[in-house]
Amino acid sequence: MRVVRFTGSRPTPPAQPPHATNTTAITAAHARNFMRRIRATRPAPVNSRPSSVVRTMSRIVRAPSQTPHPPSSLARLPDAAISALARPARIPPGLPPIVTSLAAHSRSRHTMPRPLRMASGSQFFRRFHRRILRRFFLWQLVAMFAATSLAQTAPAPEKNSTPLTRIGVFTDNYPFSFTGPSGQPEGFAVDLLAAIERTMGLRLERVTGPTDVITAAFHDYRLEALQSFAQTPARELRADFTVPYLSMAGSIFARKNTPPIRNFADLRGRRVMVHAGSLGEQLLRASGLETSIVHVESVEQALRKLDAGENDATLVSRLTGLATAHQLGLENIAPVGEPVPGYAVRYCFGVQDGDRELLAQLNEGLAILQRTGEFERIYRRWFGHVDPLPGYSALHIALAIAAGLALALAIAIWSFLRQRRLHENIAAQAEALRASEERYRGVFETSQEGLLLLHPAGKTPPDFALEEINQAAANMLGLDRSPPLPGTSLRGLTPCCTDCCDLLGQALARDGASVFEHTTPPGRSTHTALRVSVTRIGPRVLVVLSDLTETRRAEERLRTREQQLRQNQKLEALGTLAGGVAHDFNNILTSILGNADIAGLDLPPGSSVHAQLDEIRAASERARQLVRQILTFTRHAEARCETLCLTPLIEECLRFLRASVRSSITIRHHPAPGAPQIEADATQIHQVIMNLCTNAVHAMGDTTGSLEVTEDILTVTQEIIAQHPQLAPGEFVRIAIRDTGCGMTPEVVQRMFEPFFTTKAPGQGTGLGLSVVHGIMQNHRGAITVYSKPGQGTLFHLYFPLKTRTSSSQPPVFASGAPRGRGQRILFVDDEQPIVRAASQLLTRLGYEISAHHEVTAALAEFEKTPSAFALIVTDLTMPKMTGLEFIQRALALRPELPVVLISGFMNDTDLARARDLGVNRVLDKPLTLSALGRTVSECLNGR
């Protein structure tokens, strides 16, 4: 192996051997070797602008001879080439005298004075024709003698005729190609090239030097190949590449103790080291990070500076960075984040553009190394400590063999013990068989299942002879008074036995065991339902009878209850979805109401905008009631019940309904005497009555009809409770809503309370009205029943527990009545930023100093710094990372006497009980208003 080192200047071509002046013929196997030698030596041309053939021939004449060549190669050269060779200054030495004379003669004829070679007319053409023929035969004679002489005088062929290839080797590309301690090239690519050289029988002259010097030499055609050349689209225009032997992704390397870096965005404002003009620099510039670029000379320099803390990160291929950091012992350096998009380095062998033979040899060598495992061995040597390849070590193989031997030994021991147990079991089975006969007899006689052992006695009609029958089977078949003797025919004993014989015959016609049910007609037996199991046991038939009479009766009793449970399960499925929607809607309403109150405070008294703001507040209040109804329906919040009289509420609903229905429909109301009262939510009861009355009007369509609403007081008895288990004994106010519409079928009545079930055309109904009514009645500890037949109308009954005390209600208080503060500092926490902004402005307008946060961790950190600076905490219940109850617990641990207000869209009993245990002063429901928030804050600060 020959190694030549470049120091940056153009190398001097090696001295030519003594026989370098011998002319070399062109063969198919060595043409490309001559072209590479031509590009490497770059000889001067013969004339100022010689033809391509003369240039090629002159280079062949002066190039060192490698192999003998056939004489026919010169015979095909044209006149220009022969003339160039025949000139005295260019005639190669060592040719025979006759060849030299012929060449000189040809040259003298080319240099004859022009007048001597001119003629006119036919004499000119005859002379010209003879001259051409003489020249042609003269050229052929010269070429023949020259080729013969060259073949005789050519030196003997060398033992190794493989051409010498100059390949560039980098000395500053660790761990792929670098100068080792011994001064010789080392690295992964160096070992890989040596393996290919041995495998393919190549002759390589390695030219070592820095990356920029070797690359420049390759581009100047002083080198035929490069051993570790990164493939890029720009380089593919000037060189050919083998298949990549390594494909590496780029990574960001940083110190382990620095703030986390996940992607390019985290590099902004940091100092990142890259090679000048490298792919990493291009990616940084494309990402707008020009100010972060710091140039370095090598990966080693970048990692050392990074470990010393001079810069923040470096961008390099992952495998190179890991190997270099390991070689330098830099344990504090590691790749961070994900692989860099667009940073992909593919290392290949590079050859001059068009050198297909060398390219094919290198690709073949790489494929052989991959198949033989030599590539993996070289990879493990250089990168096994940072990127191990999968495989099995000697320790793994030894452990596998040991495990196999242990398993074989365990199987042998188990087989021996099993054989011994089998012998013991055979001896024990004989004794067990005798005991089994006794047990069988006891089980057969005392079994609660009916057992019959039969023998077929006829096929048409099917008949069976009794061999054995237990008492339970005799009772089920009606034979309890006179059990039959063995051998008695089963058919004809009882009507039930005759039916069983027919069914048994059909069952035995099918292969295998068969199970069927037999129902006895009423009056034949007290056992009306039997399950019959038929199994063949050799020539006999075993029949097992199970009494299903009580099971069928229990199923009938439970069928009504199952239908009711099925309705509840369907409603609960909708409730899970509605609860989440209502919670988010509460947050939206809080922002609307808060901003409406703020706008009202900013307006001058008497402004016409106050009317619009009042409309916004009123609409938001109705939406607030709707959200409360949704939460009540889904059982995420209890209804706010109050004592009220149903009569005015029903009259209001009917008055509104009369204004929207046709005059052909008569609406009548029959109130109960004494104006009975119930405890209920007025908004929800209004919704129930309007929903049922609207459905009644739709059921009557365009025909003439009537709608009656009747109130009365009913005492619920046990008979009514049996039909409606959700009711309790006592007095109820019953509301009957009757219409003369089209009515409903039993199938529709059974499904009418299912969510999204509707009989209306698409776009005319959602199917949620009756399911909401059903949920409201359950939440009020009441019940709803329906009676309907097609063409006869529908009757709904609503049951409400009777109350005796009167109702009371308070109108809402808006912002004008909110108490004002005296500069107390309040800590407000909510994960919804619109609520935080609205509440902050509201409390600030009321005279408080607000510290508002939408992240609970930031609020806790501020409170832990100065717990005594706050007079009150207002926090939401449901927040990410930490719930409001957890925040309150940690805050009160620092300052137990601090008052706390908890706000929530809905709160279950468990959260409410825990809030009381923690010492929460007030609980506010969303959506918040300025008056409610200000009044609650004032009461907590004043100790009320």
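Per an unreviewed UniProt entry, the protein chain is named histidine kinase, and its organism is Nibricoccus aquaticus. Checking UniProt for the protein chain, the heading Catalytic activity (unreviewed entry) contains the comment "ATP + protein L-histidine = ADP + protein N-phospho-L-histidine."

(A) Molecular detail of the side chain of Gln227. Relative to the elements of secondary structure, Gln227 occurs in strand E7 (residues 225-230). A polar contact is formed between the side chain of Gln227 and the side chain of Ser177, at a distance of 3.0 Å. Here Gln227 is in contact with Ile167, Gly168, Val169, Ser177, Ala189, Val190, Leu193, Tyr245, Cys348 and Phe349, once residues within four sequence places are set aside.

(B) How the structure looks around the packing of aromatic side chains. Taken as a whole and judged by the stated rule, the model has 13 aromatic pairs. Relative to Tyr347, the ring of Phe176 has its centre 4.7 Å away and its plane inclined at 70°; by these criteria the two rings are edge-to-face. Taken together, the positions of Phe176 in the loop between strand E3 (172-173) and strand E4 (177-179) and Tyr347 in strand E14 (residues 344-352) put the pair 171 residues apart, joining distant regions of the chain. Among the aromatic residues, ring-to-ring pairing joins Phe176, Phe188, Tyr245, Tyr347, Phe349, Phe375, Tyr379 and Phe383 into one connected group.

(C) Seen up close, helix H9 (residues 279-286). Gly280, Glu281, Leu283 and Leu284 are the residues of H9 that are buried. Looking straight down H9, one finds that the buried residues subtend no more than 160° of arc, so they occupy a single side. Its buried side turned inward, H9 meets strand E10 (272-275), strand E11 (293-296) and strand E12 (313-317). Gly288, located one to two residues past H9, shows a positive phi value of around 75°.

(D) Representation of the environment of Pro175 in the model. Topologically, Pro175 is positioned in the loop between E3 and E4. Non-local contacts of Pro175, meaning those with residues more than four positions away in its chain, are made with Gly187, Phe188, Thr320, Ala323, Trp382 and Phe383.

(E) Quick look at the nonpolar core. By size, the foremost hydrophobic cluster in this structure holds 47 residues, and its most contacted members are Phe188 and Tyr245. Per-element accounting of this core gives the leading share, six residues, to helix H7 (residues 188-200). Ignoring anything within four residues of it in the chain, the contact list for Phe188 reads Pro175, Phe176, Tyr245, Leu246, Phe375, Ile378, Tyr379, Trp382 and Phe383. Counting residues in each nonpolar core, the second largest holds 40 residues, with Ile650, Leu657, Ile737 and Leu770 among its members.

(F) View of helix H8 (residues 211-219). Looking at H8, one finds that the buried residues are Val213, Ile214, Thr215, Ala217 and Phe218. On the buried face of H8, the contacting elements are strand E2 (164-170), strand E6 (203-209), E7, strand E8 (239-241) and E14. Of the residues one or two after H8, Tyr221 is the one with positive phi, at around 65°.

Conventions we followed
- Residues numbered from 1 in each chain as written.
- Predicted model: local features only at pLDDT ≥ 70, side-chain atom pairs only at ≥ 80, totals over all residues.
- Heavy atoms only, no water.
- UniProt positions renumbered as here; feature names shortened; annotations may be inferred.
- Helix = DSSP H or I, 4+ residues; strand = E, 2+ residues; numbered from the N terminus.
- Polar contact = N/O pair within 3.5 Å; in protein donor to acceptor, adjacent residues only side chain to side chain.
- Contact = heavy atoms within 4.5 Å.
- Phe/Tyr/Trp six-rings, centres within 6.5 Å; stacked < 30°, edge-to-face > 60°.
- Buried < 20%, exposed > 50% of the residue type's maximum accessible area, 1.4 Å probe, protein only.
- Arc of directions from axis to C-beta.
- Core = buried A, V, L, I, M, F, W, Y, C linked by side-chain atoms within 4.5 Å.

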